Each structure stands twice: as C-alpha cells, then as structure tokens.
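# Topology and contacts: notes
So you can see what is in the structure, the chains are spelled out below.
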Amino acid sequence: MTRKDFADLKFVGSSWLSFFEECIIPSIQPKTIFNTPISDIDYSKDQIEVKSTNGSIFTANKIIITVPLKILQSGSIHFMPTLPSNKQNAINSITVWSGFKAFFKFSTKFYPAYLSFSNSSTRQGQIQYYDAAYAQNAPDNILGLFSTGQPAEVYQNLSGNAQRDYILNELDTVFGNNIASFNYIDHIVQNWNEEPYARGAYITPYEDGGQVEILGQSLNNKLYFAGDAYTTGNDWSSVHAAARSAKRAVDELVQ
Ligand SMILES: Cc1cc2nc3c(=O)[nH]c(=O)nc-3n(C[C@H](O)[C@H](O)[C@H](O)COP(=O)(O)OP(=O)(O)OC[C@H]3O[C@@H](n4cnc5c(N)ncnc54)[C@H](O)[C@@H]3O)c2cc1C
C-alpha cells in the first residue's frame, strides 16, 4: 500500500451534486420529466400505469421506484394491488432519522475543523459541527451543523431567533467568551423533515439489514427499487449506497 491508497479525496469548489450534474445529468436530462410527483402505481396488469398528482399517466412494463422511504411510509403513493405484507411491514418498521443542517457565517474562525460531543454518534442520532469551508479556498468562515435523529429534533423544535440563539449559545458554551455570538454574521438552516419530497434524513445505521434487504427486493419482475434505502441490506443511507443500488436495480431489470 502506498500513501495514495489512503488519500482522503475531497470535493473542492464542488460536491456530489456537481459530479452528477457534469457526468450523469446531460445524458438523461432530455428524457427526464420534472415537477411531476407520482401518486398512484397500478401494477395489476401487464402494462404498469403510473399516475401523477397533476393527472399525467405513464405506462411501462417495468418501473424503478426511487422515492425516499419516508414517502412510501407516508402512504402518499397508492399501489394497486397493495404491496405484499413483508414489503409493507419493512416499509413501516424501519426508522428514518430526522435531519437538520445549519450553516453559520462568522467574522473569525474560532473553531476547529471538526467539533464533536460525547453524544455525537449514538443509537438516537448524530450531531457534529464542522468547518464547512475547510480546504475550499473560500474567503468566508462557515461553520456547518449537521444533526440527525433525536438531537436534530432539538433544533427542529425551535425556529427563528430562538433557534439561532440556541446554536450560538451551544457554541459559546464550548468556546467561551461569547465568541460565537460576538462574531456571528448570518446563517441559514435546512430542516429535512419539512422538505415535502424527503420528509427526513435517512435510515438509521442501527437498522436491521434483513429488513433493509426486503426494501430493495423487486416485485413480480415489474417493480424495482433503487436508492439509498433500497439496497442488499449490507450498506445504506449514503450517496454511494444509492448509486450501487441503482446499478443493481438496472442490472436486474434488463436481465
Ligand atoms: C442532512 C443530510 C446529510 C447527508 N450527508 C451525506 C454525506 O455526507 N454523504 C453521503 O454519502 N450521503 C449523505 N446523505 C445521504 C444522501 O443525501 C442520500 O443517501 C442520497 O441523497 C439518497 O439518494 P436517493 O436517490 O436514494 O434519494 P433522494 O436523493 O432523496 O432522491 C429521491 C427523489 O425522489 C423524488 N420524489 C419524492 N417523492 C416523489 C414522488 N411522489 N414522485 C416522484 N418523485 C418523488 C424527490 O424529489 C427526489 O428527487 C445526507 C442526507 C441528509 C438528509
């Protein structure tokens, strides 16, 4: 093994989104229909009928379902016939963590690259602060807050100035001298539970892999499932798990 084998690769001035926009989207965009939420999937006949909330109807002999698990849990997509009980039970029983992110801009960088707590990663959830501008050659000092599960709900239960002040106070307690409050410039937050087409973060890492495997299984050579929730049950809840799952679903579909 050389040093290179252990190199920690980092997106600089870009992200996973840029990767998809550059390498994947151009080839599929002309065939993609946006802003068309699906509400009904009828797979009772040879031709599957998929309906959207705006009344469009699409037909196909096979489809791949890639919506977040929270969407299936909400019941906002109606299946005809209903999904088999083992699939529906897996959908209902699996825990998807809440998700919260914030980015705080400060006039000085008083924090380290990574700040964790004794409860930063537990069965209840995750919380960490990180230097979001780390190695980005960015002029601004941006501290990111990433939280999932129960810890995220503490922030989600607050809003506006109370939410901002809670986070500043958390940082002031760690770093002292009101340094966060004093150097605060601006911030933005994203509550993933309130994103209508996500409704949460991702499946907890402590989930039963056997149940996740059921989520990923295809049905009747017609319905295939791909995305970070629909895997072989060995790995889930990440961009790479979603990409691997998509490859598996397509391989299976074209067999
Ligand atoms: C706060 C947070 C931080 C994360 N950090 C990381 C990280 O650092 N590294 C990492 O690898 N992963 C991370 N993840 C996880 C990563 O974002 C997901 O694993 C990945 O986006 C899953 O991709 P996906 O295609 O399965 O689902 P999504 O990206 O959720 O895509 C699902 C798509 O389905 C669409 N949709 C929803 N409902 C309908 C409907 N009814 N009809 C039609 N379309 C619909 C949605 O609009 C969306 O476009 C993070 C997630 C969160 C929330």
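About the cut-offs
- Residues numbered from 1 in each chain as written.
- Predicted model: local features only at pLDDT ≥ 70, side-chain atom pairs only at ≥ 80, totals over all residues.
- Heavy atoms only, no water.
- Patch = residues over 30% accessible without salt bridge, like charges linked within 9 Å, V, L, I, M, F, W, Y side chains within 5 Å.
- Areas by Shrake-Rupley, 256 points an atom, 1.4 Å probe, with all protein chains shown as cover.
- Salt bridge = Lys/Arg side-chain N within 4 Å of Asp/Glu carboxyl O.
- Helix = DSSP H or I, 4+ residues; strand = E, 2+ residues; numbered from the N terminus.
- Buried < 20%, exposed > 50% of the residue type's maximum accessible area, 1.4 Å probe, protein only.
- Pairing = 2+ DSSP bridges.
- Near = heavy atom within 4 Å.
- Polar contact = N/O pair within 3.5 Å; in protein donor to acceptor, adjacent residues only side chain to side chain.
- Nonpolar A, V, L, I, M, F, W, Y, C, P; charged D, E, K, R; others polar.
- Domains from an automatic or database assignment.
- Axes fitted to C-alpha atoms, helices over the stretch in contact; angles between N-to-C directions.
- Parallel < 35°, antiparallel > 145°, perpendicular 65-115°, else oblique.
- Left-handed = near helix turned anticlockwise from the far one by under 90°.
- Contact = heavy atoms within 4.5 Å.

Bringing a nonpolar patch on the surface into the picture now. A cluster of nonpolar side chains, F11, W16, F19, I24, I28 and V239, forms an exposed patch at the surface whose accessible area comes to about 470 Å². Checked against the element boundaries, V239 lands in helix α9 (residues 239–253). Taking the relative accessible area as the measure of exposure, V239 reaches 34% and is therefore partly exposed.

The next thing to look at is the pairing of strand β1 (residues 38–42). Direction of pairing for β1 relative to strand β2 (residues 48–52): antiparallel, over a ladder of four bridges. Looking at the pairing, D42 lines up with E49 of β2. Remark: five residues form the turn of the hairpin made by β1 and β2, two consecutive strands paired antiparallel. For β1 and strand β5 (residues 78–80), the ladder comprises three bridges, and the chain directions are parallel. Bridge pairing in β5 links I41 to F79.

Before going further, it helps to examine the site of the ligand. Around the ligand lies a shell of 19 residues, among which I38, G227, D228, S238 and V239 are the nearest. A distance of 3.4 Å is found between an oxygen atom of the ligand and a backbone nitrogen or oxygen belonging to S238. About the coverage of the ligand: the protein hides 63% of its 1000 Å² of free accessible area. Taken together, the residues of the shell around the ligand sort by class into 13 nonpolar, four polar and two charged.

The topology assignment puts P139 in the loop between β9 (125–131) and β10 (141–148). P139 gets classed as exposed once you look at its relative accessible area, which sits at 76%. Sequence spacing of P139 and Q124 is 15 residues, and the spatial spacing of their C-alpha atoms is 36 Å.

So, about the domain arrangement of the chain. Buried accessible area, meaning the area lost when the parts come together, often serves as the stated size of an interface. By the assigned domains, the chain splits into domain 1 (36–94 + 207–253) and domain 2 (99–194). The C-alpha-based centres of domain 1 and domain 2 are spaced at 34 Å.

Turning to the pattern of salt bridges, a few remarks are in order. Here the structure, examined in full by the defined rule, presents six salt bridges. The partner of K247 in a salt bridge is D251, and the shortest N-O contact between them spans 3.0 Å. Of this pair, K247 and D251 both sit in helix α9, four residues apart, roughly one helical turn. Among the residues examined, K247 registers a relative accessible area of 53% and is labelled exposed. When its relative accessible area of 38% is taken as the criterion, D251 is described as partly exposed. A salt bridge links R248 to E252, with the nearest nitrogen and oxygen atoms 3.7 Å apart. Placement of the pair is R248 and E252 together in helix α9, with a separation of four residues, close to one helical turn.

A word on the packing of helix α4 (residues 85–93) against helix α8 (residues 209–216). Two quantities define a packed helix pair, namely the angle between the helix axes and the distance between the axes. Axis separation between α4 and α8 bottoms out at 9 Å; the angle between their running directions is 125°. The pairing of α4 with α8 is recorded here as oblique in orientation. Where α4 crosses over α8, the two elements pack in a sense that is left-handed. When α4 is examined against α8, the residues N86, K87, N89, A90, I91 and S93 are found in contact with a partner set consisting of Q211, I214, L215 and G216. Its residues assigned to classes, the contact of α4 with α8 comprises four nonpolar, five polar and one charged.

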